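Residues per chain, in single letters:
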Amino acid sequence: MPTSRPVDVLTLQQARRVALAAQGLDRPRPAPGATVTLRHLQQVVDRIGLLQIDSVNVLARAHLMPLFSRLGPYDPTVLDRAAGTAPRRLVEYWAHMASYVPPETYRLLEWRQRRYRTEAWGSLSGAELAHSTVIAEIRELIARQGPMTASQVHLHHEADHPRTRTEWGWNWTVAKRALEFLFFTGEVTSARRNAAFERCYDLTERVLPPVVLAAPPVADDDAIRALVEISARAHGLGSLRCLADYFRLRPEPTRKAVAELVEDGVLLPVQVRGWDRSVFLHRDARRPRRVHARALLSPFDPVVFERRRLEELFGMRYRIEIYVPAPKRVHGYYVLPFLLGDRFAARVDLKADRARGVLRVLAAFREQGAPPETAAELAAELEALAGWLGLDGVEVAERADADLSTALAAELRVRTGPSGRSLVAVASRIDEIREPEG
């Protein structure tokens, strides 16, 4: 990669502010009570580039939380309309894992579809050879009948390919495997999600907006370069590792794309004081002097994607512990970092208990250097989150090593007052709060 003298040297604090500004976390949310529209959603997506999808629903669906973090309480049907009605503003594909992306970005990912034999994981890359007849039948079935879920498609093939529980992995049916192959290669995509959050598969040509379909294919190198630029714009500044991780690109194509973007002046080599590797600043990145953020970020938020970046920029060592046995977890099952100002002040293990109508705080921990107002600000954010989730209150559990829980519970009591239904209840023992379901 061509090297040139860095155009600037940033302090770590300046780098943090650039990163948060690129993600729109330095901007004020819509005023309380204001209607969040498709325009607001589009502005967020234009900045962050994608919304990761994940099946874990302990608190809220993964793709819903980044919008709440940046917009505050909003009606999730806005996102349903963006992804499920024409002309679609979002479509699904493998970007940073399964994700919603703008239709234009979907076209930039077609190189991955063409390279499915090397880009798809084993069971999908071999599906064409193992199940070619079923794939052809399902392709024809969807073309004839329109959007269908995997379970609906399975019914057409259950006699010949019954469901089994013996295969390693997700135990997909043959129909599901065929659908996922067609999804990976771009022949079908999700027309919408149903009430159970199942994909309703349809031909991609019936889902993408006509203007996007009419655009010529993008050459592989041009597409990867465009994806790296989207990643750089969403990061503000980042290393090669960061820029590759956003769309799960391989190192060498990313290196080549970065070199070309540097040559074109789109990316500017900079130094972050104390770092010993190359960092690249997007030419349009803003450099705010202050950031007054307050947000809970899900484990699938773009700010949290790359754990090394998170630790080096913010000093937060963070690991998702969903798949860690309960006795070995350090902080909890579904832990959200709490951003206050331009740094992370706390982390909280949360669960939406919809049966009881409460937001459960299983544990709350201070981060090093957390300001005195952390408990008060976190309490306000939890109240907003509980209201958005349709829950009536917040319940804080006592846990000996959770050093913020007591102060948080006290702050919630102060905010609620002695009369009326309390927004906070304190569980006397941590075992009163059941293990979250995955």
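This structure is a prediction, so every number in the text was calculated from the model and none was measured. As a convention, each chain's residues are numbered from 1 in the sequence order in which they are written. The predicted nature of this model means local features are confined to residues of pLDDT at least 70 and side-chain atom pairs, given and counted, to a pLDDT of 80 or more, with totals for whole chains, interfaces and linings taken over all residues. Side-chain metrics rest on all non-hydrogen atoms present in the structure, leaving aside hydrogens and water.

Asks: Help me understand the sheet that holds strand β7 (residues 237–238) in this model?
Replies: To summarise the sheet geometry, strands pair through backbone hydrogen bonds and adopt either a parallel or an antiparallel arrangement. When DSSP finds at least two bridges between two strands, those strands are taken to pair. By the criteria applied, helices consist of DSSP H or I runs no shorter than four residues and strands consist of E runs no shorter than two, each listed in order from the N terminus. The strand order across the open sheet built from four strands is β1-β8-β9-β7, with neighbouring strands paired in mixed fashion. Only two strands of the sheet have a single neighbouring strand rather than two, namely β1 (9–10) and β7. In this structure, β1 lies alongside strand β8 (residues 267–272), joined through two bridges in parallel fashion. The partner of V9 across the bridge, within β8, is Q271.

Asks: Just checking my understanding: could you explain the pattern of salt bridges for this structure?
Replies: Side chains that differ in charge, positive against negative, can pair when their charged atoms come close. A side-chain nitrogen of Lys or Arg and a carboxyl oxygen of Asp or Glu constitute a salt bridge if their distance falls within 4 Å. A complete count under the given rule lists 39 salt bridges for this structure. In this structure, E140 and R144 form a salt bridge, with 3.7 Å as the shortest nitrogen-oxygen distance. In this pair, E140 and R144 both sit in helix α10 (residues 132–145), four residues apart, roughly one turn of the helix. Here the two residues E140 and R144 agree in accessibility, since each one is exposed. E395 is paired through a salt bridge with R356; the nearest N and O atoms lie 2.9 Å apart. One end of the pair, E395, is in strand β14 (residues 393–397); the other, R356, is in the loop between β12 (343–353) and β13 (358–366), and 39 residues separate them in sequence. Relative accessible area decides the class of each residue, using a 1.4 Å probe on protein chains only: under 20% of the type maximum gives buried, over 50% gives exposed, and in between gives partly exposed. You can call E395 buried: its relative accessible area is 8%. Judged by its relative accessible area of 43%, R356 falls in the partly exposed class. Each member of the salt-bridge network shares a partner with another, and the members are E92, K176, E180, R193 and R199.

Asks: How should I be thinking about the layout of surface pockets in this particular structure?
Replies: Space left empty within the atom packing is revealed by a probe, the size of a water molecule, rolled over the atoms. Grid spacing is 1 Å over the protein atoms alone, the probe is 1.4 Å, and a cavity is where that probe fits but cannot get out, while a pocket is an open set with protein on both sides within 12 Å along at least five of seven lines and lining residues have an atom within 4 Å of a point. Grid points are joined across faces, edges and corners, and a volume is the space filled by probe spheres set on the points. Approximately 310 Å³ is the volume found for the second largest pocket. Along its surface, the second largest pocket is lined by 18 residues, and D80, Y100, R193, N194 and F197 are the ones closest to its centre. Listing elements by their share of the lining of the second largest pocket, those giving two or more residues are α4 (77–84), β3 (91–95) and β5 (188–193). The element that contributes the greatest number of residues to the lining of the second largest pocket is α4, accounting for four residues. Polar here means any residue other than Ala, Val, Leu, Ile, Met, Phe, Trp, Tyr, Cys and Pro, which are nonpolar, and Asp, Glu, Lys and Arg, which are charged; Gly is therefore polar. Across the lining of the second largest pocket, the residue classes tally to nine nonpolar, four polar and five charged.

Asks: Any chance you could explain the side chain of H282 here in plain terms?
Replies: Mapped onto the elements of the fold, H282 is located in strand β9 (residues 279–282). Any N or O atom pair separated by 3.5 Å or less is treated as a polar contact, with the protein-specific requirement of one donor-capable and one acceptor-capable atom, and with residues adjacent in sequence counted only for side-chain atom pairs. Polar contacts involving the side chain of H282 include one to the side chain of E229, which spans 3.4 Å. By the convention used here, residues are in contact when the closest approach between their heavy atoms is within 4.5 Å. If sequence neighbours within four positions are ignored, H282 has contacts with E229, A232, R233, G236, V266 and L267.

Asks: For this particular structure, what's the right way to read the nonpolar core?
Replies: Across soluble globular proteins, you tend to see nonpolar side chains buried next to one another. Counting residues in hydrophobic clusters, the biggest one holds 112 residues, and the most contacted among them are L59, L350 and L385. Looking at this core element by element, the count peaks at eight residues for helix α12 (residues 174–184). Counting only domains with at least three residues in this core, you end up with domain 1 (22–214) and domain 2 (319–416). Beyond its immediate sequence surroundings of up to four residues, L59 is in contact with M65, Y334, L336, L350, K351, A352, R354, L359, L385 and L389. To define a nonpolar core, start from buried Ala, Val, Leu, Ile, Met, Phe, Trp, Tyr and Cys residues and group those joined through side-chain atoms within 4.5 Å. Domain start and stop points were drawn from an automatic or database domain assignment.

Asks: Where do I start with empty space enclosed by the protein in this structure?
Replies: Here the structure, examined in full by the defined rule, presents three cavities of 30 Å³ or more. Each pocket or cavity is described by its volume, and for the largest cavity that value is around 70 Å³. For the lining of the largest cavity, the secondary structure elements donating two or more residues are α1 (12–22), α14 (220–235) and α17 (307–314). In terms of residue count, α17 provides more of the lining of the largest cavity than any other element does, three residues in total. Looking at the lining of the largest cavity residue by residue, the classes come out as seven nonpolar, two polar and one charged. Reported here for the second largest cavity is a volume of approximately 40 Å³. Looking at the second largest cavity, the residues that line it are Y318, R319, I320, E321, H331, G332, Y333, Y334, V335 and R347.

Asks: Hey, could you run me through α10 in this one?
Replies: The periodicity of an α-helix, 3.6 residues per turn, causes residues three or four places apart in sequence to face the same way. For α10, which comprises 14 residues, the first-to-last C-alpha distance of 20 Å matches the rise-based estimate of 20 Å (1.5 Å per residue) to within 8%. Every buried residue belonging to α10 is among V134, I135, I138, L141 and I142, and all of these are buried. One side of α10 holds all its buried residues, which, seen down the axis, span an arc of 125 degrees. Exposed residues lying more than 90 degrees from the buried face of α10 are T133, E140 and R144. Where α10 terminates, the next one or two residues include G146, which has phi positive at roughly 85 degrees. Here the expected span of a helix is defined as 1.5 Å times the quantity of residues minus one. The arc in question is traced by the directions running from the helix axis to the C-beta atoms.

Asks: I'm lost on the sheet that holds strand β4 (residues 97–101) in this one. Help?
Replies: The strand order across the open sheet formed by three strands is β2-β4-β3, and the pairing between neighbours is antiparallel. Of all strands in the sheet, those bounded by a partner on one side alone are β2 (51–52) and β3. Pairing of β3 with β4 involves five bridges; the strand directions are antiparallel. Paired with V91 across the strands is V101, a residue of β4.

Asks: Would you mind showing me how to read the packing of aromatic side chains here?
Replies: To describe a pair of aromatic rings, one takes the distance between the centres and the angle between the planes. To pair, rings of Phe, Tyr and Trp, with the six-membered ring standing in for Trp, must have centres within 6.5 Å; the planes then decide the type, stacked if under 30 degrees apart, edge-to-face if over 60, and tilted in the middle. A complete count under the given rule lists 10 aromatic pairs for this structure. Judged by centre distance (6.0 Å) and plane angle (55 degrees), the rings of Y93 and F184 are tilted. Here the residue Y93 occupies a position in strand β3, and F184 occupies one in helix α12, the gap between them amounting to 91 residues. Look at F184 and you get buried, because its relative accessible area is 2%. Where Y246 meets F247, the ring centres are 5.8 Å apart and the plane angle is 75 degrees; that geometry is what we call edge-to-face. Taking the relative accessible area as the measure of exposure, Y246 reaches 1% and is therefore buried.

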